[in-house]
Amino acid sequence: QVQLVESGGGLVQAGGSLRLSCAASGRTFSSYVMGWFRQAPGKEREFVAAIRWSGGSTNVADSVKGRFTISRDNAKNTVYLQLNSLKPEDTAVYYCAAKMGVLTILSYRYDYWGQGTQVTVSS
């Protein structure tokens, strides 16, 4: 059973930084794609970034490109999302997700989800 556990969210002032972590367990993830999505109140869940566990190729949403970075630590089975230059509009619950196969930005393609971690950016 795949388990994804996010951590690292919190309250930060605009311009600040956070690093989110997603600890993955239950499988060998070499064939997996790991994604980060976010959902703000009253809005649909949106793609933020994704990374292929093998090879490390990434895709980052235009809305956060240059501010957010996705990376992984194979030894720790952990995926990170570094959030820099945060803006109030980045406030959302951030979710980690996993799927096998092709990297995609489509949330419905992901099979496994974490419980989410709240990021709140004050102005």
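Residues numbered from 1 in each chain as written. Predicted model: local features only at pLDDT ≥ 70, side-chain atom pairs only at ≥ 80, totals over all residues. Heavy atoms only, no water.

*Asks:* Before we go on, may I ask you to explain the sheet that holds strand S7 (residues 68–73) in this structure?
*Replies:* Across a sheet, paired strands are connected by hydrogen bonds in the backbone, their directions being either parallel or antiparallel. One open sheet holds the four strands; their spatial order is S1-S3-S8-S7, and the pairing between them is antiparallel. A strand with exactly one partner marks an edge of an open sheet, and here the two such strands are strand S1 (3–7) and S7. Taken over all neighbouring pairs, the strand axes of this sheet differ in orientation by 15° on average, direction set aside. Sheet analysis places S7 next to strand S8 (residues 78–83), joined by six bridges and oriented antiparallel. In the strand pairing of S8, Arg72 is matched with Val79. (Pairing = 2+ DSSP bridges. Helix = DSSP H or I, 4+ residues; strand = E, 2+ residues; numbered from the N terminus. Axes fitted to C-alpha atoms, helices over the stretch in contact; angles between N-to-C directions.)

*Asks:* Quick question: what am I supposed to make of the side chain of Ser21 here?
*Replies:* Position of Ser21 among the secondary structure elements: in strand S3 (residues 18–25). In contact with Ser21, not counting residues within four places along its chain, are Val5, Glu6, Ser7, Trp36, Thr78, Val79 and Tyr80. (Contact = heavy atoms within 4.5 Å.)

*Asks:* How should I be thinking about the state of the cysteines in this particular structure?
*Replies:* Disulfide: a covalent bond connecting the sulfur atoms of a pair of cysteines. With the rule as written, the count across this model stands at one disulfide. The disulfide partner of Cys22 is Cys96, and the S-S distance across this bridge is 2.0 Å. Between Cys22 and Cys96 the disulfide shows an S-S torsion of about -75°. By sign, it is left-handed. Within this pair, whereas Cys22 is found in strand S3, its partner Cys96 is found in strand S9 (residues 92–100), the two being separated by 74 residues in sequence. (Disulfide = S-S within 2.5 Å.)

*Asks:* Explanation requested: the packing of aromatic side chains in the structure shown.
*Replies:* The geometry of an aromatic ring pair comes down to the distance between the two centres and the angle between the two planes. Within this structure, the stated rule accounts for seven aromatic pairs. Look at Phe37 and Tyr110: their rings are 5.1 Å apart centre to centre, the planes differ by 75°, and that puts the pair in the edge-to-face class. Of the two residues, Phe37 sits in strand S4 (residues 32–39) while Tyr110 sits in the loop between S9 and strand S10 (112–113), which places them 73 residues apart along the sequence. Of the two residues, Phe37 and Tyr110, both sit in the buried class. Plain terms: the ring middles of Phe37 and Trp113 are 5.1 Å apart, the flat faces sit at 50° to each other, and that makes the pair tilted. In this pair, Phe37 sits in strand S4 while Trp113 sits in strand S10, placing the two residues 76 residues apart along the sequence. (Phe/Tyr/Trp six-rings, centres within 6.5 Å; stacked < 30°, edge-to-face > 60°. Buried < 20%, exposed > 50% of the residue type's maximum accessible area, 1.4 Å probe, protein only.)

Interpretation note: all reported values are geometric properties and have no functional meaning in isolation.
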